[in-house]
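# What the coordinates show
Read off the chains here:
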Amino acid sequence: MVQIVDSSILENPVFRTYCFYSSILVVKMLFMSPLTGLTRFRFKAFANPEDGATMKIKPRVDDKVERIRRAHLNDLENISVFYVIGFIYTLTNPSVAWATLLFRVFTAARFIHTFVYAVFVVPQPARALSWATGFVITGYMAFKSIMHFL
Amino acid sequence: MVQIVDSSILENPVFRTYCFYSSILVVKMLFMSPLTGLTRFRFKAFANPEDGATMKIKPRVDDKVERIRRAHLNDLENISVFYVIGFIYTLTNPSVAWATLLFRVFTAARFIHTFVYAVFVVPQPARALSWATGFVITGYMAFKSIMHFL
Amino acid sequence: MVQIVDSSILENPVFRTYCFYSSILVVKMLFMSPLTGLTRFRFKAFANPEDGATMKIKPRVDDKVERIRRAHLNDLENISVFYVIGFIYTLTNPSVAWATLLFRVFTAARFIHTFVYAVFVVPQPARALSWATGFVITGYMAFKSIMHFL
């Protein structure tokens, strides 16, 4: 049997770039959980009675924690969609340079979004613009994918 | 070197159908964010102090906004799972007509779910039935995938 | 034209193992929705006026329901990321035995997490440890993937 290399997916440089930036975004999303956890400890604001049991702390809601949770949920809403449409978009034969630019700007925009939302709060429209950048990129990739697979 | 076309995935018509309906569902999910944002502006109900800063509005919770957010979260819970299991299911050699029907009904059910939940509220069981339709389809695809890859 | 089998993805045993455990995790996540729904009925705690309309029950928040919802959201945050990074990691040529072990332990850890969070509440650090197990595995796979696709 002839050893065959899957030239259409694994050797596709756009797909490799997609894998790289998706992995970076996975690390970015993973960090939201310990950030929430540490902030819960810092402000002694836990969601469950068993979490603060040894310190005899009752559950309470803290705005610092909720802000990080909203940033995390916003990641789930926007980055989950990127994982899917970024993968499908790599199959529509975009140019390597253009696709790489889209993936790179999307990734940067999501880092900025979390920073101005949950790390160092910057007045609007900082958060709105970083969110909109990611939104436009995923929307564009979805449009191109629909046209391609119609 | 011989140019090889990846016949098993990219030329698989079920996979192409999956890409098409997934892209449609990405657009559907993307629309939930501006819908939430516009409803927040309409009812002046923001989640963060900086969002209503220029209008001097304090954050408040509004049920119209929360309803759209619940519909969005329901999308995240159900459509994210579809993206994964729909992809895996395409690799189990289903018939093109049957797989296309499943993807199409799932997509329609999720549009109906959002409509009766967050756009024009219809008495139950409208929402329960549209949710259950998607649930049964993803459950069926998961069952077939487990049997295939066992 | 020669019929070509895509040896690099579909015949990759690591990828087949990934498909199997991802499908199991899809079923696990799907079960969270009826669990939430049944608990809402049991404690008559609905999120929307139309849900309890025939029983004339107003919406109310119940901690038993919220606990299941937090477990579900934790699944979304952690298992969604696994779907993506597990897929990318299968493309980095890991050994079959090692990758299978990672997928298996991750899957077990997520079942344990839900059990000790929302089914039978066990004092900490039961939940923290089961969460951390999944976190370390996805973090490791992300690190290996970034190094591979750099």
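Residues numbered from 1 in each chain as written. Chains lettered and ligands numbered in written order. Predicted model: local features only at pLDDT ≥ 70, side-chain atom pairs only at ≥ 80, totals over all residues. Heavy atoms only, no water.

### Concerning the UniProt feature "transmembrane region" (unreviewed entry) in chain A
Residue and element names in this part refer to chain A. What counts, and what does not: UniProt positions are given in the numbering used here, feature names are shortened, and annotations may be inferred rather than shown by experiment. A run of DSSP states H or I qualifies as a helix once it reaches four residues; a run of E qualifies as a strand once it reaches two. Both are numbered from the N-terminal end.
Taking the numbering used here, the UniProt-annotated feature "transmembrane region" (unreviewed entry) corresponds to residues 20-38 and 76-92. Segment residues 20-38 splits into 95% helix and 0% strand. End C-alpha atoms: 28 Å apart. Structurally, residues 76-92 comprises 88% helix and 0% strand, and the distance from its first C-alpha atom to its last is 25 Å.

### Notes on the relation of the copies chain B and chain A
Spelled out, the test is: Least squares is used to superpose the copies, and the fit set is the C-alpha atoms of residues whose pLDDT is at least 70 in both copies. Throughout, a contact is declared for two residues whenever any of their heavy atoms are within 4.5 Å.
Least-squares fitting of chain B to chain A yields an RMSD of 0.0 Å, with the superposition described by an axial translation of 0.0 Å and a rotation of 120°. Such a combination of turn and shift is consistent with a three-fold rotation axis. The fraction of interface residues of chain B whose copies in chain A are also interface residues is only 20%, indicating that the copies meet through different surfaces.

### Overview of the interface of chain B and chain A
Going by this rule: The term buried area refers to how much accessible surface (probe radius 1.4 Å) is lost by two components on association, counted for both of them together. Any carboxyl oxygen of Asp or Glu within 4 Å of a side-chain nitrogen of Lys or Arg constitutes a salt bridge here.
Counting residues at the interface gives 30 residues for chain B, matched by 32 residues for chain A. For the pair chain B and chain A, the two sides together bury roughly 2,700 Å², of which 70% comes from carbon and sulfur. Joining chain B to chain A, the criterion identifies three salt bridges. For the salt bridge of Asp51(B) with Arg127(A), the shortest nitrogen-to-oxygen distance reads 2.9 Å.

### Regarding unusual backbone geometry
The condition that has to hold: Think of it in three bands: residues with accessible area under 20% of the maximum for their type are buried, residues over 50% are exposed, and the middle band is partly exposed, with areas taken using a 1.4 Å probe on protein chains only.
Residue Pro125(B) is reached from Gln124(B) by a cis peptide bond, and omega for that bond is 10°. Locating Pro125(B) in the fold gives a position in the loop between α3 (96-119) and α4 (126-149). The backbone of Lys44(A) sits at a positive phi, close to 50°, despite the residue not being glycine. Inspection of the secondary structure puts Lys44(A) in the loop between α2 (32-42) and α3 (63-90). By relative accessible area, which is 42% here, Lys44(A) ends up partly exposed. Its identity is not glycine, yet Lys56(B) carries a phi of approximately 55°, on the positive side. Mapped onto the fold, Lys56(B) is located in the loop between α1 (13-42) and α2 (63-90).

### Brief notes about the relation of the copies chain C and chain A
The operation relating chain C to chain A is a screw motion whose rotation component is 120°, with 0.0 Å of axial translation and a residual RMSD of 0.0 Å. When the interface residues of chain C are mapped onto chain A, a mere 19% of them again lie at the interface, so each copy presents a different face.

### Re the interface of chain C and chain A
With 32 residues of chain C in contact, the opposing surface of chain A contributes 30 residues. Regarding the contact of chain C and chain A, the summed buried area is about 2,600 Å², with carbon and sulfur atoms giving 70% of it. By the criterion of area lost to chain A, the three top residues of chain C are Val81(C), Ile146(C) and Phe149(C), representing 19% of everything that side buries. Scanning the region where chain C abuts chain A turns up three salt bridges.

### Topic: empty space enclosed by the protein
To find leftover empty space, one rolls a probe the size of a water molecule over the atoms. Selection criterion: The pocket and cavity definitions rest on a 1 Å grid over protein atoms only: a 1.4 Å probe that fits but cannot leave marks a cavity, an open set with protein on both sides within 12 Å along at least five of seven lines marks a pocket, and residues lining either have an atom within 4 Å of a point. Grid points are joined across faces, edges and corners, and a volume is the space filled by probe spheres set on the points. Charged residues are taken to be Asp, Glu, Lys and Arg, nonpolar residues to be Ala, Val, Leu, Ile, Met, Phe, Trp, Tyr, Cys and Pro, and polar residues to be all remaining types, Gly included.
One pass over the structure, following the stated rule, counts three cavities of 30 Å³ or more. By volume, the largest cavity is sized at about 300 Å³. The wall of the largest cavity is formed by 15 residues, among which Val84(A), Tyr83(B), Val84(B), Tyr83(C) and Val84(C) lie closest to the centre. Mapped by element, the contributors of at least two residues to the lining of the largest cavity are α3 of chain A, α2 of chain B together with α2 (63-90) of chain C. Looking at side-chain class alone, the lining of the largest cavity contains 12 nonpolar, three polar and no charged residues.

### Some points on the pattern of salt bridges
As enumerated under the stated definition, the model contains 24 salt bridges over all chains in all. Ionic pairing is found between Asp75(C) and Lys28(C), a salt bridge with its closest N-O pair at 2.6 Å. One end of the pair, Asp75(C), is in helix α2; the other, Lys28(C), is in helix α1 (residues 13-42), and 47 residues separate them in sequence. There is no split in this pair, since Asp75(C) and Lys28(C) are both buried. Between Glu66(C) and Arg69(C) there is a salt bridge, and its shortest N-O distance comes to 3.2 Å. Of the two residues, Glu66(C) and Arg69(C) both sit in helix α2, three residues apart, roughly one turn of that helix. One connected set of salt bridges, linked through shared partners, spans Glu50(A), Asp51(A), Arg67(C) and Arg127(C).

### Topic: the confidence of the model for chain A
Residues and elements named next belong to chain A. Rules: Per-residue confidence from the predictor is given as pLDDT, running between 0 and 100.
Per-chain confidence: chain A averages 90 in pLDDT, with 95% of residues scoring 70 or above. In this model residues 1-6 is a low-confidence stretch, pLDDT under 50, and it forms 13 contacts with partners more than four residues away in sequence or in other chains. Our summary of model confidence lists the complex with pTM equal to 0.91 and ipTM equal to 0.89.

### Considerations on a nonpolar patch on the surface
We apply this condition: A patch consists of residues exposed above 30% relative accessible area that lack any salt bridge, with like charges linked at up to 9 Å and nonpolar side chains (Val, Leu, Ile, Met, Phe, Trp, Tyr) linked at up to 5 Å. The accessible surface values rely on the Shrake-Rupley method and a 1.4 Å probe; as for residues, cover is taken only from the protein chains in view.
Judged by side-chain polarity, Leu35(A), Phe115(A), Val119(A) and Phe120(A) come together as a nonpolar surface patch covering roughly 390 Å² of accessible area. In this structure, Phe115(A) sits in helix α4 (residues 96-119).

### Quick look at the packing of aromatic side chains
Residue and element names in this part refer to chain B. Test applied: Side-chain rings of Phe, Tyr and Trp, where Trp is taken by its six-membered ring, are said to pair if the distance between their centres is within 6.5 Å; with planes under 30 degrees apart they count as stacked, over 60 as edge-to-face, and otherwise as tilted.
Scanning the entire structure with this criterion turns up 45 aromatic pairs over all chains. Judged by centre distance (5.7 Å) and plane angle (90°), the rings of Phe82 and Phe103 are edge-to-face. With Phe82 in helix α2 and Phe103 in helix α3, the pair connects residues that are 21 residues apart, well separated along the chain. Accessibility assignment for this pair places Phe82 and Phe103 in one class, buried.

### A look at α3(A)
Residues and elements named next belong to chain A. Quick reminder of the rule: A helix is expected to reach a length of 1.5 Å times the quantity of its residues less one. Nitrogen and oxygen atoms within 3.5 Å of one another constitute a polar contact, given that in protein one can donate a hydrogen and the other can accept it, and given that sequence-neighbouring residues count only through two side-chain atoms.
Between its terminal C-alpha atoms α3 stretches 39 Å, which fits the 40 Å expected from 28 residues at 1.5 Å a residue. Within α3, 24 of the 28 residues are buried, which leaves the element mostly enclosed by the surrounding structure. Structurally, the start of α3 carries an N-cap: the backbone nitrogen of Lys64 is 2.8 Å from a side-chain oxygen of Asp62.

### A look at the state of the cysteines
Cut-off, in case you're wondering: Cysteine sulfur atoms that come within 2.5 Å of each other are treated as a disulfide pair.
Here the structure, examined in full by the defined rule, presents zero disulfides over all chains. Lacking any disulfide linkage, Cys19(A) is separated from the closest cysteine sulfur, that of Cys19(B), by 15 Å.

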